[in-house]
Amino acid sequence: MRIVVFSDSHNNYFALRDIVLSQPEAEAFLHLGDGCKEFDYLAANFPLRIMKGLRGNCDWGMPGNTQAVIELAGKRIFYTHGHTFGVKSGLERLKEAARESKSDIALFGHTHIATTFYEDKIHYMNPGSIEKPQQGRASYGILDITKAGIATFIVEISV
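What this report covers is the structure whose coordinates are included nearby. (Residues numbered from 1 in each chain as written. Predicted model: local features only at pLDDT ≥ 70, side-chain atom pairs only at ≥ 80, totals over all residues. Heavy atoms only, no water.)

Assigned secondary structure in the protein consists of three helices and ten strands. Secondary structure elements in the protein, listed N-terminal to C-terminal, are β-α-β-α-β-β-β-α-β-β-β-β-β. For the protein, whose C-alpha radius of gyration is 14 Å, the value lies close to the compact-globule estimate of 15 Å for 159 residues. Principal-axis analysis of the C-alpha atoms places the extent of the protein at approximately 35 × 35 × 30 Å. Looking at the 159 residues of the protein, the share that counts as buried comes to 49%. Taking the intrachain contacts of the protein between residues at least 6 apart in sequence as the baseline, contacts between residues at least 24 apart amount to 52%. (Helix = DSSP H or I, 4+ residues; strand = E, 2+ residues; numbered from the N terminus. Rg over C-alpha atoms; globule rule 2.2 N^0.38 Å. Buried < 20%, exposed > 50% of the residue type's maximum accessible area, 1.4 Å probe, protein only. Contact = heavy atoms within 4.5 Å.)

Following this line, the structure appears as structure tokens:
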């Protein structure tokens, strides 16, 4: 199963739409916050895809959670925007939440810095930012879950 992960789109609906169109094999799309309005519009325009999103610190007044757990392809995925876990100051609280939720994968945004790593049997990914990257180019993430295991990728884009 291919899952596309994006975060911090900050009103750039067209970048989100272009990513969905460029990933026809993807079955699910997860938005990690700071872009609820455009993600809701995206989900309405692609009703046959699995679309799940969260609120971020810039999604003022929008309904919804700031963290969730979903099971896809037999793997538990903890996902959050990250501001409530203080991810700009360190990842310990995020890692603890991922362990407590018994997740195989932990996804977070907020820092606008793309990263992916594996630690203590958990895959971690921050897809970076579609609209305002802090390092490098705009980016999103891909999770491929197969019988052989989990692979994570960061994809840089031009916006």
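Our focus in this paragraph is helix H1 (residues 13–22). Along an α-helix, residues three or four apart share an orientation, since each turn contains 3.6 residues. Listed in full, the buried residues belonging to H1 are Tyr13, Ala15, Leu16, Ile19 and Val20. All buried residues of H1 lie within an arc of 165 degrees about the axis, which places them on one face of the element. For H1, the exposed residues lying more than 90 degrees away from the buried face are Phe14 and Leu21. Among the structural elements, strand S1 (2–6), strand S2 (28–31), helix H2 (36–45), strand S3 (50–53), strand S9 (138–146) and strand S10 (149–157) are those in contact with the buried residues of H1. (Arc of directions from axis to C-beta.)

Quick look at the packing of aromatic side chains now. Per the stated rule, a full pass over the model turns up six aromatic pairs. Ring geometry for Tyr13 and Tyr41: centres 4.8 Å apart, planes at 55 degrees, overall tilted. In this pair, Tyr13 sits in helix H1 while Tyr41 sits in helix H2, placing the two residues 28 residues apart along the sequence. Assessed through its relative accessible area of 12%, Tyr13 is described here as buried. Grouping aromatic residues by their ring pairs yields a cluster made of Phe6, Phe29 and Phe39. (Phe/Tyr/Trp six-rings, centres within 6.5 Å; stacked < 30°, edge-to-face > 60°.)

This brings us to the sheet that holds strand S6 (residues 105–107). Ordered in space as S4-S5-S6-S8-S7, the five strands form an open sheet in which the pairing is mixed. Two strands in the sheet have a free side with no partner beyond their single neighbour: strand S4 (67–72) and strand S7 (115–119). On average, adjacent strands in this sheet sit at an angle of 20 degrees to one another, irrespective of strand direction. As paired elements, S7 and strand S8 (residues 122–126) share five bridges and run antiparallel to each other. Bridge pairing in S8 links Tyr118 to His123. (Pairing = 2+ DSSP bridges. Axes fitted to C-alpha atoms, helices over the stretch in contact; angles between N-to-C directions.)

The next thing to look at is the nonpolar core. Phe6 and Leu42 are the most contacted members of the largest nonpolar core, which has 18 residues in total. Broken down by secondary-structure element, the contributors of at least two residues to this core are S1, H1, H2 and S9. Of the residues forming this core, the biggest block, five residues, is contributed by H1. Residues contacting Phe6, with those up to four places away along its chain left out, are Leu16, Ile19, Val20, Phe29, Leu30, His31, Leu32, Phe39, Leu42, Pro127, Ile130 and Tyr140. Counting 16 residues, the second largest nonpolar core, distinct from the first, contains Leu30, Ile77, Leu143 and Ile150. (Core = buried A, V, L, I, M, F, W, Y, C linked by side-chain atoms within 4.5 Å.)

A word on the side chain of Thr66. Among the structural elements, Thr66 can be located in the loop between S3 and S4. When neighbours within four sequence positions are excluded, Thr66 is seen to be in contact with Leu54, Arg55, Tyr79, Thr80, His81, His83 and Thr84.

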